[in-house]
Structure formats: C-alpha cells, structure tokens
Amino acid sequence: MCRRTTFSVVFFCKKTKVNKKGKAPVYARITTSGQATEIYTQCQVEPEHWSQRLERCVLRKFCFATEMRFIMRWKMCAGTG
C-alpha cells in the first residue's frame, strides 16, 4: 500500500519573544507526515501588525519587502498560497 505523505507550512509571530525594539521573530512551522519543526525566518515584526489568520504582516509600510518575499516564496513552494 502507498503511504500518504502530508506537507504544510505555517508562519507565525512568537509574541513571547519580543525584543527591546518591540519586535517579535517570525517563525515557520514545517510539518511533513506529522513531524513538525520550527525555523526562524530571520524576519521580525511588531506583534500588533501581525495577522495570524493571514500569516503575514498587515501593514505593509512597516514590513520589509524581503520579509514578504520570503514568506510568499515558502507558501508557493508548499502549495498553500
């Protein structure tokens, strides 16, 4: 029998790790067949500008274009965006 493989990528802001400048790191949680791992994306946002439903920063003028490109590239590779 063929074993089914699942894959998902979720981006989230770790609001518990806010730095002195008031920014929190953005992480990606990658899950494959039930095995999850979290990676730091090297991006930081102000927690109040993060939308977990959209998995991105909602105020583009406060977010850097490179951060948005990174997130969109991951979502496109994962087939979730």
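The structure presented is a predicted model; accordingly, all values stated were derived computationally and were not measured.

How each quantity is defined
- Residues numbered from 1 in each chain as written.
- Predicted model: local features only at pLDDT ≥ 70, side-chain atom pairs only at ≥ 80, totals over all residues.
- Heavy atoms only, no water.
- Patch = residues over 30% accessible without salt bridge, like charges linked within 9 Å, V, L, I, M, F, W, Y side chains within 5 Å.
- Areas by Shrake-Rupley, 256 points an atom, 1.4 Å probe, with all protein chains shown as cover.
- Salt bridge = Lys/Arg side-chain N within 4 Å of Asp/Glu carboxyl O.
- Helix = DSSP H or I, 4+ residues; strand = E, 2+ residues; numbered from the N terminus.
- Buried < 20%, exposed > 50% of the residue type's maximum accessible area, 1.4 Å probe, protein only.
- Polar contact = N/O pair within 3.5 Å; in protein donor to acceptor, adjacent residues only side chain to side chain.
- Contact = heavy atoms within 4.5 Å.

1. Here we look at a nonpolar patch on the surface
On the surface, Leu54, Val58 and Leu59 cluster together to form a nonpolar patch covering roughly 200 Å² of accessible area. Inspection of the secondary structure assignment puts Val58 in the loop between strand 5 (56–57) and helix 1 (65–78). Judged by its relative accessible area of 39%, Val58 falls in the partly exposed class.

2. A few points about the pattern of salt bridges
Applying the stated rule across the entire model yields two salt bridges. Note that Lys14 is salt-bridged to Glu38, the shortest N-O span being 3.5 Å. Of this pair, Lys14 sits in the loop between strand 1 (7–13) and strand 2 (24–32) while Glu38 sits in strand 3 (residues 35–45); the two residues are 24 residues apart in sequence, bridging distant segments of the chain. Residue classification places Lys14 among the partly exposed residues on the basis of a relative accessible area of 22%. Among the residues examined, Glu38 registers a relative accessible area of 36% and is labelled partly exposed. Of the charged contacts in the structure, one is a salt bridge between Arg29 and Glu38, with a shortest N-O distance of 2.8 Å. On the basis of relative accessibility, which here comes to 32%, the residue Arg29 falls in the partly exposed class. Where salt bridges share partners, they join Lys14, Arg29 and Glu38 into one cluster.

3. So, unusual backbone geometry
We note that Ser33 has phi near 50°; this positive angle belongs to a residue other than glycine. The topology assignment puts Ser33 in the loop between strand 2 and strand 3. In this model, Gln42 sits at a positive phi of 70°, which is unusual for a non-glycine residue. Looking at the element boundaries, Gln42 is found in strand 3.

4. Some remarks on the side chain of Thr41
By the secondary structure assignment, Thr41 is in strand 3. Overall, Thr41 belongs to the buried group, its relative accessible area being 5%. Of the polar contacts made by the side chain of Thr41, one reaches the backbone oxygen of Val26; its length is 2.7 Å. Apart from residues no more than four positions distant in its own chain, Thr41 is found in contact with Phe11, Val26, Tyr27, Ala28 and Phe70.

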